[in-house]
Amino acid sequence: MTATLTPTDLPRAILELKRLRRAVILAHNYQVPEIQDLADYVGDSLGLSYRARDTDADVILFCGVHFMAETAKIVNPSKTVLLPDLDAGCSLSDSCPADKLDAFLRAHADRNYYVIAYINCSAGVKALSDVICTSSNAERIVRAAPADRNILFVPDENLGSWVIERTGRKMDLWRGNCYVHVEFTRASIQRAKDGHPDAAVVAHPECPYAVRLLADEVCSTERMVSFCREHPARSFIVVTESGMLHRLRKEIPGKVFIPGPTEHCACADCRYMKRNTIEKVHDALRDLRPEIVLDEALRIRAERPILRMLELSR
Ligand code: 13P
Ligand code: SF4
């Protein structure tokens with residue numbers, strides 16, 4: 001508990017604990033503003049994976065969801081990796097359990113699949129895959145896949161179909177999706193465009209096809225920052241999780257950022273990303289838990305396709 005600390009004391013106490021623990025704080029673009037403001041690095045899944053692999057800190061406090069912290073442990077196993085709330089999961093990762101993927105691959109052994117897994121999956125799914133991708137390198141990874149193999153893309157059918165559109169490469173798609181991004185609809189985004197006719201639209205590739213069609217740019221959360229900075233428009237409709245708005249407003253103060261609305265809400269929050277709070281960040285550094293622990297044999301099998309991705313992405 002952090003009962004004795006006021007909200008203004010907390011950031012200072014966290015920075016002191018960070019120094020004592022020789023920790024680095026890595027945060028995803030969807031984290032709450034207070035966490036982003038404390039972090040040593042804020043970024044997308046790919047940038048965070050590189051930072052996790054390359055850090056010389058003793059402790060990685062990973063402010064994101066479970067598969068992201070698990071990836072950090074896979075690529076840098078000698079570190080203590082902490083996740084402020086172990087229940088920070090991901091609906092997309094949950095949509096492809098490792099045992100179901102294993103059964104599918106056995107039942108379709110005649111297809112001799114080359115499995116490309118979006119990083120939003122468990123270590124068990126990574127261990128069954130040939131290569132991992134993120135939203136920022138998916139096109140490049142699919143283009144690098146062996147031409148004579150059938151590809152199975154897991155777990156996101158929306159990202160998968162976006163990559164098929166861009167590369168022309170045939171792939172079989174696992175029927176998974178992100179519960180946040182499928183809440184955006186053609187009608188909800190068209191209404192936002194009608195209300196802001198001069199705004200450009202940026203959308204994450206986890207959005208459905210009908211929403212992606214309305215976007216000026218479909219890209220990873222990191223690319224959203226450079227796209228909005230470089231684009232001549234003064235305002236942008238941002239069709240992804242609401243945490244993204246903080247980073248855009250902070251780094252590009254001269255422009256206006258409008259959250260993409262869903263049918264039911266003015267913006268979209270990921271309930272998993274939002275499980276992490278600044279109080280839990282403090283307690284995790286103080287207590288050195290919750291910690292990500294992985295079976296070593298599984299870790300080694302899951303590391304191989306991630307390293308392949310990191311090599312292909314440089
Ligand atoms: P990015 O890698 O683009 O940040 O996406 C991660 C994610 O979970 C999107 O929902
Ligand atoms: Fe998973 Fe969707 Fe949340 Fe990203 S926004 S962590 S894909 S549930």
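It should be noted that the structure appears before, not after, this text.
A. Representation of the pattern of salt bridges within the structure. Throughout the structure, instances matching the rule amount to 25 salt bridges. The shortest N-O distance in the salt bridge between Lys 280 and Asp 85 comes to 2.6 Å. You can see Lys 280 sitting in helix α14 (residues 278-287) and its partner Asp 85 sitting in the loop between β4 (80-82) and α5 (91-94), a full 195 residues away along the chain. Relative accessible area serves as the criterion here: at 9%, Asp 85 is assigned to the buried category. Asp 102 is paired through a salt bridge with Arg 106; the nearest N and O atoms lie 3.3 Å apart. A residue pair is termed a helical-turn pair when its members lie 3 or 4 positions apart in one helix, as Asp 102 and Arg 106 do in helix α6 (residues 98-107) at 4 residues. On the basis of relative accessible area, Asp 102 is assigned to the partly exposed category, the value being 26%.

B. Structural context of the site of ligand 1. Around ligand 1, the structure places His 28, Tyr 30, Asp 44, Ser 45, Tyr 118, Asn 120, Ser 135, His 181, His 204, Glu 206, Ser 220 and Thr 221. The separation between an oxygen atom of ligand 1 and a polar side-chain atom of Asn 120 is 3.2 Å. Compared with its free state, where it exposes 310 Å², ligand 1 has 96% of that area covered by protein. Here ligand 1 is seated within the largest cavity. Classifying every residue of the shell around ligand 1 by side-chain character gives 2 nonpolar, 8 polar and 2 charged.

C. Geometry of helix α15 (residues 296-313). For α15, with 18 residues, the first-to-last C-alpha span of 25 Å sits near the 26 Å given by 1.5 Å per residue. The largest bend along α15 measures about 25° and falls at Glu 303, with the proline Pro 305 one to four residues further on. Buried residues of α15: Leu 298, Arg 299, Ala 302, Glu 303, Pro 305, Ile 306, Met 309, Leu 310 and Ser 313, and no others. Against the buried residues of α15 lie α3 (45-54), α4 (66-75), α7 (123-127), β6 (131-133) and α8 (138-143).

D. Quick peek at the environment of Arg 12. Relative to the assigned elements, Arg 12 resides in helix α1 (residues 9-21). In sequence terms Arg 12 and Leu 38 are 26 residues apart; their C-alpha atoms lie 9.5 Å from each other.

E. Main features of unusual backbone geometry. In this model, Val 154 is joined to Pro 155 through a cis peptide bond whose omega is -15°. Each neighbour pair has its own omega, and for Arg 289 with Pro 290 the value is 5°, a cis peptide bond. The backbone of Arg 22 sits at a positive phi, close to 50°, despite the residue not being glycine. For Arg 22, the location among the structural elements is in the loop between α1 and β1 (23-28).

F. Examining the site of ligand 2 more closely. The environment of ligand 2 is formed by Tyr 30, Val 65, Cys 90, Ser 91, Asn 120, Cys 178, Tyr 179, Val 180, Glu 206, Cys 270, Tyr 272 and Met 273. Among the detected pockets, ligand 2 sits in the largest cavity. By residue class, the composition of the shell around ligand 2 is 9 nonpolar, 2 polar and 1 charged.

G. Just the packing of α4 against α15, in detail. The interhelical angle for the contact between α4 and α15, taken along N-to-C directions, is 95°, at an axis separation of 9 Å. Judged by the angle between their axes, α4 and α15 are roughly perpendicular. Between α4, through Thr 71, Lys 73, Ile 74 and Val 75, and α15, the contact on the second element is made entirely by Arg 299, Ala 302, Glu 303 and Ile 306. Across the contact of α4 with α15, the residue classes tally to 4 nonpolar, 1 polar and 3 charged.

H. Quick look at the pairing of strand β7 (residues 151-154). Here β7 shows two buried faces, one formed by Ile 151 and Phe 153 and the other by Leu 152 and Val 154. Bridge analysis of strand β5 (residues 114-118) against β7 gives 4 bridges, and the strand direction is parallel. Across the sheet, the residue bridging to Ala 117 is Val 154, located in β7. Bridge count between β7 and strand β8 (residues 172-173): 2 bridges; the pairing is parallel.

I. Broad picture of the sheet that holds β1. Judged by pairing direction, the sheet is parallel, and its 4 strands sit side by side in the order β2-β1-β3-β4 without closing on themselves. At either end of the open sheet lies a strand with only one pairing partner, and these are β2 (41-43) and β4. Across this sheet, the average inter-strand angle for adjacent strands is 20°, counted without regard to direction. Bridge analysis of β1 against β2 gives 3 bridges, and the strand direction is parallel. Each residue of the ladder has a partner; that of Ala 27, found in β2, is Val 42.

Analysis parameters
Residues numbered from 1 in each chain as written. Chains lettered and ligands numbered in written order. Predicted model: local features only at pLDDT ≥ 70, side-chain atom pairs only at ≥ 80, totals over all residues. Heavy atoms only, no water. Salt bridge = Lys/Arg side-chain N within 4 Å of Asp/Glu carboxyl O. Helix = DSSP H or I, 4+ residues; strand = E, 2+ residues; numbered from the N terminus. Buried < 20%, exposed > 50% of the residue type's maximum accessible area, 1.4 Å probe, protein only. Near = heavy atom within 4 Å. Polar contact = N/O pair within 3.5 Å; in protein donor to acceptor, adjacent residues only side chain to side chain. Areas by Shrake-Rupley, 256 points an atom, 1.4 Å probe, with all protein chains shown as cover. 1 Å grid on protein atoms, 1.4 Å probe; cavity = no way out; pocket = protein on both sides within 12 Å on 5 of 7 lines; lining within 4 Å. Sits in = over half its atoms within 2 Å of the grid points. Nonpolar A, V, L, I, M, F, W, Y, C, P; charged D, E, K, R; others polar. Expected span 1.5 Å × (residues − 1). Bend = angle between axes of the 7 residues up to and from the residue. Contact = heavy atoms within 4.5 Å. Axes fitted to C-alpha atoms, helices over the stretch in contact; angles between N-to-C directions. Parallel < 35°, antiparallel > 145°, perpendicular 65-115°, else oblique. Pairing = 2+ DSSP bridges.

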